Amino acid sequence: MKKSTRQAYGEHLNELFKSYPKMVVLDADLSGSTKTAVFKKEHPERHFNVGIAEANLMGVAAGLAAGGQIPWASTFAIFGTGRAFEIVRNSICYPNLNVKLALSHAGISAGEDGGSHQSVEDVSLMRSVPNMTVLVPADATETCRMMEAAMEIDGPVYIRLGRMDLEVLFDEDYEFTVGEGVELKIGRDVTIIAMGLMVEQAMIAAEYLKGEGISAAVINMGSIKPIDADLIVETAAKTGAIVTAEEHSIIGGLGSAVCEVVSERFPVPVVRVGLQDTFGQSGKAQDLLEHYGMTAEAIVAAAKEAIDKKV
Amino acid sequence: MKDLEKIANKIRCDIVKMVAKAGSGHPGGSLSSVEILTMLYFEKMKVDPKNPQMPNRDRLVMSKGHATPVLYSVLAAKGFFPEEELDHFRQLGSILQGHPDMRKVPGVEMSTGSLGQGISTAVGMAISGKLDQSDHRVYAILGDGELQEGLVWEAAMSAAHYKLDNLMAFVDNNDLQIDGDIRDVMSPYPIVDKFKAFGWHVISVEDGNSFDLLEKAWTEAKDVKGQPTVIICKTVKGKGVSYMENVCGWHGVAPKPEELEIALKELELED
Ligand SMILES: Cc1ncc(C[n+]2csc(CCOP(=O)(O)OP(=O)(O)O)c2C)c(N)n1
Ligand SMILES: [Mg+2]
């Protein structure tokens, strides 16, 4: 079955509201795309569309949180983390307010709208702000678990959502804990650490490598901040080589986060699969992923490169 | 039919064709802006498709950047690039990105698509023209939903402050945005009073799909001195394609082959 993470988000808002009556949902003229319209249909009195005004979206969300409500603020990731960055920083994170940012159309899989609408730096931006928690779901199931985890945190959380339909990888009993990665596959020779839609590609790559006699571990690192440093160190010690895979710039995202950990605690070669410091462009999501080398094949090549670099 | 109307009709056909071919894009707000762009590029603007970087050319910034179908169709009809290029709209490798890219398309003056930013850059371009004592004009095309962005009003304030009488903005007042009627989502009204309060000369055009009325407004605007002018044009979103007219759902959806056929039949009837 296939489902986008944004669709899972919209649907799960209604579920969560049953336990959290203080929830409010905010949008900025994109409720059909972010899927907050699904919540609006059920609870119009707790849905606020601020219009095409992302800076105001985040300011209003901060005020609602200060007043004791629990806001989920949604728009495209490019506008929510970009246009509104400093409001997120100063009005939400600095006072550590309880605002959840669920921002959609992240990454180049946003597709035909093109480079102006494809955020390739949102994780980097959000990760660098104190108090912010950053979560990147790999499928619809994990999206729901992350939303539940976000409600348990009294502070800002960014959940990165996508436009594209993705394979549902995890069963309903899948567990997610903030600050923990999930080892999906055990391996000896190399570790692939992936986030978001690259997790599925990582699994495919590991299968392929197995056929070539290479044993690859796969870790789904959905919690980008806090990151599971202990798990990274443990796997680095075990396999001695790491590939990171993200649908994001290799600057500041998952690849950087992993390098920060290993370079301080257990240096091993790391090869980063992701956008190589470039903007995206218009095209079909699948074509773009192939064009920019965010595929299982790219991970396989990177794994061999990482293994070759072992001393 | 007069020449401009003939051109406008061709532009409309190109808009629906290119969006249908791409399978995505923004027909509604493109169709509402056809007369504004056609008048400017075919009658008013000093531009040379053979020399798109001519220093003293007039500039147009598509602040409502999603309306690339109308912008590209007009630029192609004007000869800035081959019309065949329209067939590659939104495809991998094409110069015709979903939103305008000034580094890829001859005739595109500013990369836009994030609403609110275009008008701000137009202010900078107008100041640049003043600094260089150039007589060229800067045009900016705004959506009415776009007026909800705070940046629009920061730009508006600065345009009046710097007395930018070389800046002429058009608001495509089609009363719709993505999530519905602009008055229901987040009303920007009263638009006229707001711009007046920000120090602009304001002209209202009752039918922004009428060349005669647009022509009159432009003629008044061109002689205004000491302040920027905004022309608020009442338009019909989806204009010219019956099933798209005033229907918010056609903001960013491509017609299917059957729907394209109906649209082209209707538009060709007007020829
Ligand atoms: C900053 C920003 N926020 C959101 C969007 C997504 N978006 C694209 S078009 C649109 C609605 C625009 O409405 P309007 O300005 O009235 O344009 P028109 O009706 O002329 O198409 C929105 C919200 C965007 N492009 N930029
Ligand atoms: Mg509009």
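Scope of this entry: the structure provided in the associated data block. What you see is a predicted model; the values in this text were computed from it and never measured.

Let's shift gears to the overall build of chain A. The secondary structure content of chain A amounts to 13 helices and 14 strands. The C-alpha radius of gyration computed for chain A amounts to 19 Å, which stays within 12% of the reference 19 Å derived for 311 residues, consistent with globular compactness. Referenced to the eigenvectors of the C-alpha coordinate spread, the extents of chain A come out at roughly 60 × 40 × 35 Å. Among the 311 residues that make up chain A, the fraction classed as buried is 63%. When contacts within chain A are restricted to residue pairs at least 6 apart in sequence, long-range pairs at least 24 apart make up 79% of them. Carbon together with sulfur atoms contributes 51% to the accessible area of chain A, which is approximately 11300 Å² in total. In chain A, the 27 positive side-chain charges and the 42 negative ones have mean positions that sit 2 Å from each other.

With that settled, consider the site of ligand 1. With respect to spatial proximity, 24 residues lie near ligand 1, and among them A:Glu54, B:Lys64, B:His66, B:Asp144 and B:Lys237 are the closest. Those chains with residues close to ligand 1 are chains A and B. Here A:Glu54 contributes a side-chain N or O atom positioned 2.6 Å from a nitrogen atom of ligand 1. B:Glu146 is positioned with one of its backbone polar atoms (N or O) 2.9 Å from an oxygen atom of ligand 1. In the complex, 99% of the free accessible area of ligand 1, which totals 600 Å², lies under the protein chains. Its residues assigned to classes, the shell around ligand 1 shows six nonpolar, 10 polar and eight charged.

Residue and element names in this part refer to chain B. Helix α9 (residues 211-222) packs onto helix α3 (residues 34-44) with a crossing angle of 60° between their chain directions and a minimal axis gap of 10 Å. Taken together, the axes of α3 and α9 are oblique relative to one another. As α3 runs across α9, the sense of the crossing is right-handed. Counting all contacts with α3, which are made through Glu35, Ile36, Thr38, Met39, Leu40, Glu43 and Lys44, the residues of α9 involved are Phe211, Leu214, Glu215 and Trp218. The residue inventory of the contact of α3 with α9, partitioned by class, reads six nonpolar, one polar and four charged.

What follows deals with the coordination of the magnesium ion (ligand 2). Residue and element names in this part refer to chain B. Binding of the magnesium ion (ligand 2) to the protein goes through Asp144 (OD), Asn174 (OD1) and Leu176 (O), at separations of 2.1 to 2.2 Å. Residue Asp144 is classed as buried on the basis of its relative accessible area of 2%. Using a relative accessible area of 12% as the deciding quantity, one classes Leu176 as buried.

Membership of the largest hydrophobic core comes to 57 residues, with the highest contact counts inside it found for A:Trp72, A:Ile159, A:Ile192 and A:Ile299. Looking at this core, you find at least three residues from each of domain 1 (2-167) and domain 2 (182-308) of chain A. Among the nonpolar cores identified, the runner-up in size contains 56 residues, and B:Val16, B:Met39, B:Met62 and B:Leu260 belong to it.

Two faces make up the sheet, and in a regular strand the side chains alternate between them. Residues and elements named next belong to chain A. Burial runs high along strand β10 (residues 190-194): five of the five residues are buried. Where burial is concerned, the two faces of β10 agree: the one with Val190, Ile192 and Ala194 and the one with Thr191 and Ile193 are both buried. Looking at chain direction, β10 and strand β11 (residues 216-220) are connected through five bridges and run parallel. Along β11, the bridge assignment pairs Ile193 with Ile219. For the crossover from β10 across helix α9 (residues 198-211) to β11, the handedness is right-handed. In terms of strand pairing, β10 meets strand β13 (residues 242-249) through four bridges, oriented parallel. Directly across from Ile193, in β13, lies its bridge partner Thr244.

With that settled, the discussion passes to helix α6 (residues 150-161) of chain B. Residue and element names in this part refer to chain B. For α6, with 12 residues, the first-to-last C-alpha span of 17 Å sits near the 16 Å given by 1.5 Å per residue. The secondary structure elements touched by the buried residues of α6 are α5 (117-131), β2 (138-143), β3 (167-173) and α8 (191-197). Immediately downstream of α6, the backbone of Lys163 shows phi near 50°, a positive value.

Here we take up the interface of chain A and chain B. Interfaces are frequently sized by the accessible area removed from exposure as the parts join. Every contact between the two is made by 24 residues of chain A and, on the other side, 25 residues of chain B. Both sides of the chain A and chain B interface together cover about 1800 Å² of buried area, and 45% of this is carbon and sulfur. Per-residue buried area on chain A facing chain B is highest for A:Asp29, A:Ile52 and A:Arg83; these three make up 33% of the total on that side. Our count for the contact surface shared by chain A and chain B stands at two salt bridges. With a closest N to O distance of 2.8 Å, B:Arg90 and A:Asp113 form a salt bridge. Linking chain A with chain B are 18 residue pairs in polar contact (both at pLDDT 80 or more). Listed by contribution, the elements that provide at least two residues to the side of chain A that touches chain B are α2 (31-34), α5 (77-83) and α12 (285-291) of chain A. The dominant element in the side of chain A that touches chain B, judged by the number of residues it contributes, is α12(A), at three residues. Here the residues of the side of chain A that touches chain B sort into six nonpolar, 12 polar and six charged.

Our next topic: the sheet that holds strand β5 (residues 229-234) of chain B. Residue and element names in this part refer to chain B. Across the sheet, five strands lie side by side as β1-β2-β3-β5-β4; this open sheet has parallel pairing. Each edge of the open sheet carries a strand with a single partner, namely β1 (59-62) and β4 (201-205). Ignoring which end each strand starts from, the neighbouring axes of this sheet average 20° apart. Sheet topology places β4 next to β5; five bridges connect them, and they run parallel. Considered in β5, the bridge of Ile203 is made with Ile231.

Calculation notes
Residues numbered from 1 in each chain as written. Chains lettered and ligands numbered in written order. Predicted model: local features only at pLDDT ≥ 70, side-chain atom pairs only at ≥ 80, totals over all residues. Heavy atoms only, no water. Helix = DSSP H or I, 4+ residues; strand = E, 2+ residues; numbered from the N terminus. Rg over C-alpha atoms; globule rule 2.2 N^0.38 Å. Buried < 20%, exposed > 50% of the residue type's maximum accessible area, 1.4 Å probe, protein only. Contact = heavy atoms within 4.5 Å. Areas by Shrake-Rupley, 256 points an atom, 1.4 Å probe, with all protein chains shown as cover. Lys, Arg positive; Asp, Glu negative; His and termini not counted. Charge placed at Lys NZ, Arg CZ, Asp CG, Glu CD. Near = heavy atom within 4 Å. Polar contact = N/O pair within 3.5 Å; in protein donor to acceptor, adjacent residues only side chain to side chain. Nonpolar A, V, L, I, M, F, W, Y, C, P; charged D, E, K, R; others polar. Axes fitted to C-alpha atoms, helices over the stretch in contact; angles between N-to-C directions. Parallel < 35°, antiparallel > 145°, perpendicular 65-115°, else oblique. Left-handed = near helix turned anticlockwise from the far one by under 90°. Donors = N, O, S within 2.8 Å, 3.2 Å for Na, K, Ca; no water. Core = buried A, V, L, I, M, F, W, Y, C linked by side-chain atoms within 4.5 Å. Domains from an automatic or database assignment. Pairing = 2+ DSSP bridges. Right-handed = clockwise from strand over helix to strand, strands pointing away. Expected span 1.5 Å × (residues − 1). Buried area = accessible area lost by both parts, 1.4 Å probe. Salt bridge = Lys/Arg side-chain N within 4 Å of Asp/Glu carboxyl O.

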